[in-house]
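# Observations on chain architecture
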Amino acid sequence: MHGIINVYKEKGFTSHDVVAKLRGILREKKIGHTGTLDPEAEGVLPVCIGKATKVVPFLTDCDKCYEAEVILGATTTTEDATGEIVETFDINVTSSQIEEVVQQFVGQYTQIPPMYSAIKVNGVRLYELARKGIEVERPSREVQIYSCDIIEPLENNKFKIRVKCSKGTYIRTLCTDIGKKLGCGAHMGYLLRTQVGNYYLDNSLKLSQIEQQKNNIFPYLQSIEDVFFEYPKLTVKNEASKSLYNGNPLNCSDIVEDNQNLNFARIYDTQKNFIGIYKQKENLWVVEKIFFDTTSK
């Protein structure tokens, strides 16, 4: 069994819990998730099975989309509603002020990751230190907010946003930073991940649904090459097959299709087997990642 299954992670499960349960349901050991979701968060969690675990780094790097509830008036230890309240504030903001501040975060944005996160500092995960009451300095990181829109207006000191962002963005921290700019403090309530790369909420499956379909799961598995749908498809000429299967660089003239001025591409052999992802460097195509077992060729 090789492929990617689009799992809907429910509240109460960690990403590791999902992997453990899938190993039991599908009787497969080689399974890996593509990005941590907090236990209280819900939504899209692509899970890679078998040879598809090779694409985990690529999916982890994908852009993501979230819907989040921003709760004004208090900051918390975890930057979300599961933490203890650190400080409370009076709330005196208007909807137009909120809209203006939210839009200020679109573009390049510098975040300081929360203490309750899996990032390592000096070999120790931050949440392990946080649980001991230890706070350390965290290096800031640059993330990209492509869009941030209010999808439910302010009511009872809460509003909801939809965020499309780059990898490594902490939505909890974004909510907290919005509160700082508004001057009334904030933390995150509900969080739903609606998209990871080409994987969407609409066609995700809960663990209970996967359990029901475990004997007919193949229609729900997406192929490895589907991850790279945005890359052009190129076919290697038969006379260059030996170089292809040996993992050697390929000349542009070894490709059937016009392949000038491209960056990355999906490379296929003459039997239409997806071999891997290649990157063009000057007049050569060099291996970025091989997915097809060429040893049998």
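A short tour of the structure in this document, coming up.

How each quantity is defined
- Residues numbered from 1 in each chain as written.
- Predicted model: local features only at pLDDT ≥ 70, side-chain atom pairs only at ≥ 80, totals over all residues.
- Heavy atoms only, no water.
- Salt bridge = Lys/Arg side-chain N within 4 Å of Asp/Glu carboxyl O.
- Helix = DSSP H or I, 4+ residues; strand = E, 2+ residues; numbered from the N terminus.
- Buried < 20%, exposed > 50% of the residue type's maximum accessible area, 1.4 Å probe, protein only.
- Pairing = 2+ DSSP bridges.
- Core = buried A, V, L, I, M, F, W, Y, C linked by side-chain atoms within 4.5 Å.
- Contact = heavy atoms within 4.5 Å.
- Phe/Tyr/Trp six-rings, centres within 6.5 Å; stacked < 30°, edge-to-face > 60°.
- Lys NZ or Arg CZ within 6 Å of the ring centre and 35° of its normal.

On to the pattern of salt bridges, then. Taken as a whole and judged by the stated rule, the model has six salt bridges. Among the salt bridges present, the one from R162 reaches E67, with a minimum N-O distance of 3.4 Å. In this pair, R162 is assigned in strand β11 (residues 158-165) and E67 in strand β4 (residues 64-72), connecting sequence segments 95 residues apart. On the basis of relative accessibility, which here comes to 34%, the residue R162 falls in the partly exposed class. The partner of E152 in a salt bridge is K160, and the shortest N-O contact between them spans 3.9 Å. The exposure class of E152 is partly exposed, given its relative accessible area of 40%. Residue classification places K160 among the partly exposed positions, given a relative accessible area of 21%.

Another aspect to go through is the pairing of strand β12 (residues 186-196). Counting buried positions over the 11 residues of β12 gives 10, a clear majority of the element. Bridge count between strand β3 (residues 42-49) and β12: two bridges; the pairing is parallel. Within the sheet, the bridge partner assigned to G43 lies in β12 and is R193. Alignment of β4 against β12, held across eight bridges, turns out to be antiparallel. By the bridge assignment, C65 is partnered in β12 with Q195. In terms of strand pairing, β12 meets strand β13 (residues 199-200) through two bridges, oriented antiparallel. Paired with V196 across the two strands is Y199, which belongs to β13. Taking the residues that link successive antiparallel strands as the turn, the β12-β13 hairpin has two residues, and the phi of G197 there is positive, at about 55°.

Side chains of a nonpolar character, in soluble globular proteins, are inclined to be buried together. The biggest cluster of nonpolar side chains holds 28 residues, and the ones touching the most others in it are L72, I161, I171, L174 and I178. Those elements that provide at least two residues to this core are β4, α3 (95-103), β10 (141-155), β11, α5 (171-182) and β12. The element that contributes the greatest number of residues to this core is α5, accounting for five residues. Sequence-distant contacts of L174, that is, excluding residues within four places in its chain, are made with F105, Y109, Q111, I145, C148, I161 and V163. Residues I4, V44, I224 and F291 belong to the second largest nonpolar core, which totals 17 residues.

This part covers the packing of aromatic side chains. Applying the stated criterion across every chain yields a total of nine aromatic pairs. Here Y231 and F264 contribute two aromatic rings whose centre-to-centre distance is 5.5 Å and whose plane-to-plane angle is 20°, an arrangement assigned as stacked. With Y231 in the loop between α6 (207-212) and β14 (233-235) and F264 in strand β16 (residues 264-268), this pair connects stretches of sequence that are 33 residues apart. Taken together through their ring pairs, the aromatic side chains of F58, F228, Y231, F264, Y268, F274 and F291 make up a single cluster. Positioned above the aromatic ring of Y268 is the side chain of K233, whose terminal nitrogen or guanidinium carbon lies 4.5 Å from the ring centre.

Shape descriptors only; they carry no functional weight alone.
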